[in-house]
Amino acid sequence: MSLSPKSIFVNQLGYLTGGQKRFWIRARSPLPFVLQAAGGMAVYAGITSPAGGDYQAGDFSALCAPGTYQLEVGGSRVPVVIRRGAYRDVLNALLRFFDYQLCGVALPASEAGPWAHGPCHTHPAQVLGEARTVSCNGGWHDAGDYGKYTVPAAKAVADLLLAHECFPSPLAECRPMEAVHPTPHLPPALEVAREEVVWLLSMQDPETGGVYHKVSTAAFPPLDTRPEDDAAPLVLCPISYAATATFCAAMAHAAVVYRPFDPALASCAADAARRAYAWLLRGDMRPFRNPAEIRTGEYGDDELRDELLWASCAMLRLTGDPACHALCEPLLDLDLPLELGWADVALYGVIAYLMAPPGATRTDLRAKLVQRFKSLLDDFAALAKAHPFGLPMRDEDFIWGSNMVLLNRAMSFLVAEALGVYHPATRAVVQRTVDYLLGANPLGQCYVTGFGTNPVCHPHHRPSVADDVGDPVPGMVAGGPNRNLQDEITRRKLAGRPAMEAYIDHQDSYSTNEVAIYWNSPAVLVVAGLMEKGER
Ligand SMILES: OC[C@H]1CNC[C@@H](O)[C@@H]1O[C@@H]1O[C@H](CO)[C@@H](O[C@@H]2O[C@H](CO)[C@@H](O)[C@H](O)[C@H]2O)[C@H](O)[C@H]1O
Ligand SMILES: [Ca+2]
Ligand SMILES: [Zn+2]
């Protein structure tokens, strides 16, 4: 049977010498395969085995010698690389993406290369419905738009702080855009995240401790608007429960992590967290809805007990205060979905509880949470076992931001292991996730801009569309397949496609091809974690 090279799916950045190495083909029956070293000598041979659906998988983990090989299967050949540090460059780019998203600062060509731009959105924002203005520039643009939203920012910050806490050494090799960060420079993930922490602090109302939901223009500007040309008035949208709770959690987390590196910032964050927590205990759990005159992203969320759970556990970790524990207990008893999303955040709460000083927590409750964490991973492992590409995903999980759903699940395994909760499936799930993200998927698509033999070239990302640079900003994770076809171009072009193929590399496909800070943030942790487990 002859195969087109387009039916052979590999991790397009390569494989770590000591790691698990697998490729996939679209074929119904097993096929022999050979790996040839430069010069054509066959150095490894095997036969594929059924992976589920129309897919076969070939495993060549036993081949560890670094090199560039030709994989020959079904009469076609594709290059395969095995090398130490195969993911070092992409990790660096995934982290530098946050610097490219910086708002209010000029990105010099010395750091940003051709994607340099002037300062943007430096004007103050008007508090909706009031004459008052607030200066809340800085921080990161959320995604392909220029809005800055507290709730997803909190996830992105938490992920980068957890990445630093769990895997500091792979991240130590990254190089943020130092020229745009103040001195003293911090470990890379903390250096990058500090900008968002400082911006978040500006989103808290000094009077009440409540936190504004977002700052944006009233509507999304046209796609070909450069950052520095987006001059429409900025509006600060009302304080919300979700913003205040996720802010509280992220600030409490930052207060712990930055203490040894930037004690002044840590103490500001601790104080802000306390005031936000006090607001929560007074505030009513009202979901945020966009005001009538505002048409940018809403980040609405009707279930807010998980945000209170996350805030309470993060405050417990920061303060050890038994009053926080009293609030954590009933919330931890609820059957809230253990996720790391922007709306479902309960697993951040469980992680914070398990990272709290043992003396501040109950041993039996810790044991119960470890058990719940383990069974969550068991469920993910069962999904991965049944999935042709070994992913902890069902078809219904391929939604808007499906790459984040997948990365969050891989992140769950890695953070669990960092907390001493081991699972036999961790290494395989994490490797398969990175293989999928970097090209081993039914579209042969590498979902990170600037990387792979088939990278994302046309992301829904205003700076990349508006500039006169051919290639998009590098290191951005695209949202990925979304079987719900939620934009006009996917409805027109992708009707009936299988879930994993409901993606199009087109700038107008905001529901499959946008980028977002909270899609890159789990990718930073997962790739760093894989490097930690393999060898760099
Ligand atoms: O596209 C990324 C963001 C760009 N900035 C504006 C934001 O509003 C936008 O966020 C996305 O906004 C989408 C539309 O509100 C969100 O999509 C929703 O995501 C839900 C799952 O989180 C799905 O169940 C639901 O069908 C889908 O509409 C998605 O999560 C969320 O990441
Ligand atoms: Ca929620
Ligand atoms: Zn800006």
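Residues numbered from 1 in each chain as written. Chains lettered and ligands numbered in written order. Predicted model: local features only at pLDDT ≥ 70, side-chain atom pairs only at ≥ 80, totals over all residues. Heavy atoms only, no water.

For the chain, an unreviewed UniProt entry supplies the name Endoglucanase and the organism Alicyclobacillus vulcanalis. The heading Catalytic activity (unreviewed entry) in the UniProt record of the chain holds the text "Endohydrolysis of (1->4)-beta-D-glucosidic linkages in cellulose, lichenin and cereal beta-D-glucans." A UniProt comment under Sequence similarities (unreviewed entry) is attached to the chain, and it reads "Belongs to the glycosyl hydrolase 9 (cellulase E) family." (UniProt positions renumbered as here; feature names shortened; annotations may be inferred.)

Enquirer: I would appreciate a short explanation of the coordination of the calcium ion (ligand 2) in the present structure.
Expert: When a metal carries six donors in an octahedron, the ideal angles between them are 90 or 180 degrees, while four donors in a tetrahedron ideally lie at 109.5 degrees. Only Asp-301 (OD), Asp-301 (OD), Glu-303 (O), Asp-306 (OD), Asp-306 (OD), Glu-307 (OE), Glu-307 (OE) and Ala-343 (O) from the protein reach the calcium ion (ligand 2) as donors, at distances of 2.2 to 3.2 Å. Counting gaps between the donor residues of the calcium ion (ligand 2) yields the pattern D-x1-E-x2-D-E-x35-A. (Donors = N, O, S within 2.8 Å, 3.2 Å for Na, K, Ca; no water.)

Enquirer: What exactly am I supposed to notice about the sheet that holds strand 9 (residues 125–127) here?
Expert: Strand pairing within a sheet occurs via backbone hydrogen bonds; the two strands may be parallel or antiparallel. What the 5 strands build is an open sheet, ordered 10-9-13-12-11; its pairing is mixed. Since the sheet does not close on itself, it has two edges, and those belong to strand 10 (133–134) and strand 11 (148–149), each with one partner. Inspection of the sheet shows strand 11 paired to strand 12 (residues 214–216) by 2 bridges, in the antiparallel sense. Residue pairing across strands places Tyr-149 opposite Lys-214, the latter belonging to strand 12. (Pairing = 2+ DSSP bridges. Helix = DSSP H or I, 4+ residues; strand = E, 2+ residues; numbered from the N terminus.)

Enquirer: Would you mind going over the pattern of salt bridges with me for this structure?
Expert: Opposite charge on two side chains permits pairing when their charged atoms draw close. One pass over the full model with this rule turns up 25 salt bridges. In this structure, a network of salt bridges that share partners links the residues Glu-191, Arg-194 and Asp-262. (Salt bridge = Lys/Arg side-chain N within 4 Å of Asp/Glu carboxyl O.)

Enquirer: I'm lost on the domain arrangement of the chain in this one. Help?
Expert: By convention, interface size is frequently given as the accessible area that disappears when the constituent parts associate. Per the domain assignment, the segments of the chain are domain 1 (5–82) and domain 2 (88–367 + 516–534). Computed over C-alpha atoms only, the centres of domain 1 and domain 2 are separated by 40 Å. (Domains from an automatic or database assignment.)

Enquirer: Honestly, the packing of aromatic side chains in this entry has me stumped. Any pointers?
Expert: Between two aromatic rings, the relevant description is the distance of the centres plus the angle of the planes. Under the criterion given, the structure shown has 21 aromatic pairs. Relative to Trp-342, the ring of Tyr-299 has its centre 4.9 Å away and its plane inclined at 85°; by these criteria the two rings are edge-to-face. With Tyr-299 in the loop between helix 7 (263–282) and helix 8 (305–319) and Trp-342 in the loop between helix 9 (322–333) and helix 10 (346–355), the pair connects residues that are 43 residues apart, well separated along the chain. Judged by relative accessible area, which is 11%, Tyr-299 ranks as buried. Here the aromatic rings of Tyr-518 and Trp-519 are separated by 5.8 Å at their centres, their planes lie at 65°, and the arrangement is edge-to-face. (Phe/Tyr/Trp six-rings, centres within 6.5 Å; stacked < 30°, edge-to-face > 60°. Buried < 20%, exposed > 50% of the residue type's maximum accessible area, 1.4 Å probe, protein only.)

Enquirer: Quick question: what am I supposed to make of helix 6 (residues 241–258) here?
Expert: Note that an α-helix has 3.6 residues per turn; residues three or four places apart therefore point the same way. With 18 residues, helix 6 should reach 26 Å at 1.5 Å per residue; the first-to-last C-alpha distance of 25 Å fits that figure. Within helix 6, 17 of the 18 residues are buried, which leaves the element mostly enclosed by the surrounding structure. Of the residues flanking the start of helix 6, the one acting as N-cap is Ser-240, its side-chain oxygen 2.9 Å from the backbone nitrogen of Ala-243. (Expected span 1.5 Å × (residues − 1). Polar contact = N/O pair within 3.5 Å; in protein donor to acceptor, adjacent residues only side chain to side chain.)

Enquirer: How should the UniProt feature "domain: Cellulase Ig-like" (unreviewed entry) in the chain be read in this particular structure?
Expert: Those places that UniProt annotates as "domain: Cellulase Ig-like" (unreviewed entry) correspond, in this numbering, to residues 6–76. The span residues 6–76 is 0% helix and 49% strand, and its two end C-alpha atoms sit 9 Å from each other.

Enquirer: What's the story with the site of ligand 1 in this structure? I'm lost.
Expert: Around ligand 1 sit 13 residues, and of these Asp-142, Asp-145, Gln-486, Glu-514 and Tyr-518 come closest. Side-chain polar atom of Asp-145 to a nitrogen atom of ligand 1: 2.8 Å apart, as the coordinates give it. Here an oxygen atom of ligand 1 sits 3.3 Å away from a polar atom, N or O, in the side chain of Tyr-299. Look at ligand 1: alone it shows 610 Å² of surface, and the protein chains cover 68% of it. Of the residues belonging to the shell around ligand 1, the class tally is 8 nonpolar, 2 polar and 3 charged. (Near = heavy atom within 4 Å. Areas by Shrake-Rupley, 256 points an atom, 1.4 Å probe, with all protein chains shown as cover. Nonpolar A, V, L, I, M, F, W, Y, C, P; charged D, E, K, R; others polar.)

Enquirer: Just to check I follow, could you spell out the packing of helix 3 (residues 150–166) against helix 5 (residues 188–201) for this structure?
Expert: The geometry of helix 3 relative to helix 5 is characterised by a closest axis approach of 10 Å and an angle of 150° between their N-to-C directions. Regarding the angle of helix 3 to helix 5, the classification is roughly antiparallel. The two elements helix 3 and helix 5 cross, and the hand of that crossing is left-handed. On helix 5, the residues that touch Thr-150, Ala-153, Val-157, Leu-160, Leu-161 and His-164 of helix 3 are Ala-189, Leu-190, Val-192, Ala-193, Glu-196, Val-197, Trp-199 and Leu-200. Across the contact of helix 3 with helix 5, the residue classes break down as 11 nonpolar, 2 polar and 1 charged. (Axes fitted to C-alpha atoms, helices over the stretch in contact; angles between N-to-C directions. Parallel < 35°, antiparallel > 145°, perpendicular 65-115°, else oblique. Left-handed = near helix turned anticlockwise from the far one by under 90°. Contact = heavy atoms within 4.5 Å.)

Enquirer: Before we go on, may I ask you to explain the environment of Phe-33 in this structure?
Expert: Tracing the backbone shows Phe-33 in strand 3 (residues 32–36). Of the residues examined, Phe-33 reaches a relative accessible area of 1% and is grouped as buried. Separated by 70 residues in sequence, Phe-33 and Cys-103 place their C-alpha atoms 50 Å apart.

Enquirer: Sorry, what's going on with the pairing of strand 2 (residues 22–26) here?
Expert: Across a regular strand the side chains alternate sides, sitting on one face of the sheet and then on the other. Pairing between strand 1 (residues 8–9) and strand 2: 2 bridges, direction antiparallel. By the bridge assignment for strand 2, Phe-9 is matched with Trp-24. For strand 2 and strand 6 (residues 55–59), the ladder comprises 5 bridges, and the chain directions are antiparallel. When the sheet's bridge partners are listed, Ile-25 is paired in strand 6 with Gln-56.

Enquirer: Help me out: how do you make sense of the nonpolar core in this one?
Expert: As a rule of thumb, soluble globular proteins bury nonpolar side chains together. Core analysis: the biggest nonpolar cluster contains 168 residues, and Tyr-87 and Tyr-258 have the highest contact counts within it. Among the elements that line this core, the one with the most residues is helix 6, at 14 residues. Here this core gathers at least three residues from each of two domains, domain 1 (5–82) and domain 2 (88–367 + 516–534). If we skip the residues at most four places from it in the chain, Tyr-258 touches Leu-161, Leu-186, Leu-190, Ala-193, Arg-194, Val-197, Pro-263, Leu-265 and Ala-266. Of all hydrophobic cores here, the second largest spans 18 residues; its members include Tyr-15, Ala-27, Leu-63 and Leu-71. (Core = buried A, V, L, I, M, F, W, Y, C linked by side-chain atoms within 4.5 Å.)

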